[in-house]
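Here is how the chains run, residue by residue.
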Amino acid sequence: MRLGMLTNNPVIDCGLLAWFLAQLIKVLLDAVLLRRLELGRFVSSGGMPSSHSALVVACTAAIGKLYGIQGPVFALSVIMSSVVMYDACNVRRSAGDTARLVNQLLEHVERLTAEDFADSLREVMGHTPLQVLMGALLGLAVGLLA
């Protein structure tokens, strides 16, 4: 498939392809490691590799490849990619850690019914540095090869 066929924009298509591959890898890794197929994992955040990192780095690599690395668009893309990866690794991970602690606190304070448990906070919201790195490497490969 020639890039630019999906959205008529090869940069967006690189990002979408990298995101899709990262999400597919998450589903396949879960199927192999956990021995169960969870298709809902395809649209969830967190896990290996980081689809956020894959998406932004693929776009950045495609911009660099197609338009050069000297322009302001590439510079902006590098900065935005850095912000997204920092956020995925630090801010969102801290939010996930906080959610886990709040959930543990709730379990100790009162017995949760099934309805209450459904309202607990989502804990897997961020990425480890390795997950971000692997997503970035996947995005780099897609952006440079596609």
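Residues numbered from 1 in each chain as written. Predicted model: local features only at pLDDT ≥ 70, side-chain atom pairs only at ≥ 80, totals over all residues. Heavy atoms only, no water.

## Quick word on the overall build of the protein
Summing up its helical and strand segments, the protein has five helices and zero strands in all. The buried share of the protein, taken over its 146 residues, is 35%. Pairs at least 24 apart in sequence give 66% of the contacts found in the protein among residues at least 6 apart. Approximately 9100 Å² of the protein is accessible, and the part contributed by carbon and sulfur atoms is 69%. (Helix = DSSP H or I, 4+ residues; strand = E, 2+ residues; numbered from the N terminus. Buried < 20%, exposed > 50% of the residue type's maximum accessible area, 1.4 Å probe, protein only. Contact = heavy atoms within 4.5 Å. Areas by Shrake-Rupley, 256 points an atom, 1.4 Å probe, with all protein chains shown as cover.)

## Overview of a nonpolar patch on the surface
The grouping of Leu130, Leu133, Met134, Leu137, Leu140, Leu144 and Leu145 at the surface amounts to a nonpolar patch, some 660 Å² of accessible area in total. Checked against the element boundaries, Leu133 lands in helix α5 (residues 129-145). (Patch = residues over 30% accessible without salt bridge, like charges linked within 9 Å, V, L, I, M, F, W, Y side chains within 5 Å. Salt bridge = Lys/Arg side-chain N within 4 Å of Asp/Glu carboxyl O.)

## Remarks on the confidence of the model for the protein
Here the protein averages 81 in pLDDT, and 79% of its residues register 70 or above. Across the protein, helix α2 (residues 51-67) holds the top mean pLDDT of 94, while helix α4 (residues 114-118) sits lowest at 55. (pLDDT = per-residue confidence, 0-100.)

## Observations concerning the packing of helix α1 (residues 10-34) against α5
Describing two packed helices takes the angle between their axes plus the distance from one axis to the other. Where α1 meets α5, the closest approach of the two axes is 9 Å, and the angle between their N-to-C directions is 140 degrees. As judged from the angle between their axes, α1 and α5 are oblique. Two packed elements cross with a definite hand, and for α1 against α5 that hand is right-handed. In this structure, α1 uses Cys14, Leu17, Ala18, Leu21, Ala22 and Ile25 to contact α5, whose residues at the interface are Leu138, Gly139, Val142 and Gly143. (Axes fitted to C-alpha atoms, helices over the stretch in contact; angles between N-to-C directions. Parallel < 35°, antiparallel > 145°, perpendicular 65-115°, else oblique. Left-handed = near helix turned anticlockwise from the far one by under 90°.)

## Details of the nonpolar core
Within soluble globular proteins, side chains that are nonpolar tend to cluster in buried spots. Ranked by size, the top nonpolar core spans twelve residues in total: Val11, Cys14, Ala18, Ala22, Ala54, Ala58, Cys59, Ala62, Ile63, Phe74, Leu138 and Val142. Those elements that place two or more of their residues in this core are α1, α2 and α5. The element that contributes the greatest number of residues to this core is α2, accounting for five residues. Each residue touching Ala18, except ones within four places of it in the same chain, is listed here: Ala54, Leu55, Ala58, Leu138, Gly139 and Val142. With seven residues, the next largest nonpolar core counts Val56, Val57, Cys89 and Ala136 among its residues. (Core = buried A, V, L, I, M, F, W, Y, C linked by side-chain atoms within 4.5 Å.)

## Topic: unusual backbone geometry
Phi at Asn8 takes a positive value of approximately 70 degrees, unusual for a residue other than glycine. Within the fold, Asn8 resides in the segment before α1. Assessed through its relative accessible area of 70%, Asn8 is described here as exposed. Backbone geometry places Arg35, a non-glycine residue, at a positive phi of 60 degrees. Residue placement: Arg35 occurs in the loop between α1 and α2.

## Describing the environment of Pro49
Within the secondary structure, Pro49 is located in the loop between α1 and α2. According to the relative accessible area criterion, Pro49 is buried, its value standing at 5%. Residues in contact with Pro49, not counting those within four places in the same chain, are Ala22, Ile25, Lys26, Gln131, Met134, Gly135 and Leu138.

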